[in-house]
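Structural overview for review
Each chain, written out:
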Amino acid sequence: MKKKYIIAGNWKMNPQTVEEAKRIATQVKKVAIKMKKIETVACPPFVYSNLIKVDDGFSLGSQDVYFEQAGSFTGEVSAEMLKSIGAKYVIVGHAERRKMGDTDEVVAQKLNSAVDAGIQPILCVGEKERDQNGDYLGVLKNQIGASLGKLARKDVKQLVVAYEPLWAIGATSAMTPADVHETALFIKKVLSDTYGQEYALSVKILYGGSVTFKNAKDIVALGQVDGLLVGRESVNPEGFNLILKEIDGI
Ligand code: PEP
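Conventions adopted
Residues numbered from 1 in each chain as written. Predicted model: local features only at pLDDT ≥ 70, side-chain atom pairs only at ≥ 80, totals over all residues. Heavy atoms only, no water. Core = buried A, V, L, I, M, F, W, Y, C linked by side-chain atoms within 4.5 Å. Buried < 20%, exposed > 50% of the residue type's maximum accessible area, 1.4 Å probe, protein only. Contact = heavy atoms within 4.5 Å. Near = heavy atom within 4 Å. Polar contact = N/O pair within 3.5 Å; in protein donor to acceptor, adjacent residues only side chain to side chain. Areas by Shrake-Rupley, 256 points an atom, 1.4 Å probe, with all protein chains shown as cover. Nonpolar A, V, L, I, M, F, W, Y, C, P; charged D, E, K, R; others polar. Helix = DSSP H or I, 4+ residues; strand = E, 2+ residues; numbered from the N terminus. Pairing = 2+ DSSP bridges. Right-handed = clockwise from strand over helix to strand, strands pointing away.

Topic: the nonpolar core
Counting residues in hydrophobic clusters, the biggest one holds 64 residues, and the most contacted among them are Ile-7, Leu-148, Leu-159, Leu-191, Tyr-207, Leu-228 and Ile-247. Ignoring sequence-local partners within four residues, the contact set of Ile-247 consists of Tyr-5, Ile-7, Ile-38, Ala-216, Lys-217, Val-220 and Leu-228. If you look at the next biggest cluster of nonpolar residues, it comprises twelve residues, including Ala-8, Cys-43, Tyr-89 and Leu-229.

Re the site of the ligand
Around the ligand, 13 residues are found, and the nearest of them are Lys-12, Glu-164, Gly-170, Ser-210 and Arg-232. In the environment of the ligand, an oxygen atom lies 2.5 Å from a nitrogen or oxygen atom belonging to the side chain of Lys-12. The side chain of His-94 places a nitrogen or oxygen atom 2.8 Å from an oxygen atom of the ligand. Burial of the ligand by the surrounding chains reaches 99%, relative to a free accessible area of 290 Å². When the residues that make up the shell around the ligand are grouped by side-chain class, the tally is three nonpolar, seven polar and three charged.

Let's talk about the pairing of strand S6 (residues 160-163)
Along S6, one buried face is formed by Val-160 and Ala-162 and the opposite face, lined by Val-161 and Tyr-163, is buried too. With four bridges connecting them, strand S5 (residues 120-125) and S6 associate as parallel partners. Bridge pairing links Val-125 to Tyr-163 in S6. Between the parallel elements S5 and S6, the chain passes through helix H5 (residues 135-148) in a crossover that is right-handed.

Quick look at the structure:
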């Protein structure tokens, strides 16, 4: 059977009440479990994690993790804790966390602690801007290499990469499918140069940045990516469920 698409919803710091979080979780799950070609991943704020009742095709993800295993790290959550509540994925290196201080080195530590605990990292990478002479490709290459740190070849199959150009996050329009396709190929090439083609091809590449039900299908089908990381629309269950249906219809 063909690999399933991953459609991950990054709820960010939303919604503001547990009642609303329950409504989103329930409505999304109702549709997600009916999808044949998709694994839906809900990534709520930590405090709402227990509202995600995981099921076939409906998984729990986290928006972040700390790299230490346990101890005096006030406010932080370890990969083992996430594993113990049933999280399957964790987002690392999201642009908003990088802006709050996560360096490539910190991202690499988080990624490796997730893998050690048996959680699949969704590594976010993306350039700030697209220059005419293609320097952004070098930026991406360096960011990928530094964010993977010492990830061992045997663990590469756990990896998911979310390509999120910063200028398309929270914007009014997404990247064109043709550009998504070109960049996804470039990311595979970078992975292939490091780990070998067989391993690189096992890595799922997602696109993120201003995805809605209107552009989702073209981005995935023409951009030839393995799924999407959805921000704003993930806390709008009506819109998010339309994205799921569009992708399941490919
Ligand atoms: C994101 O923050 O990962 C994201 C893709 O946001 P949005 O979909 O709102 O652009």
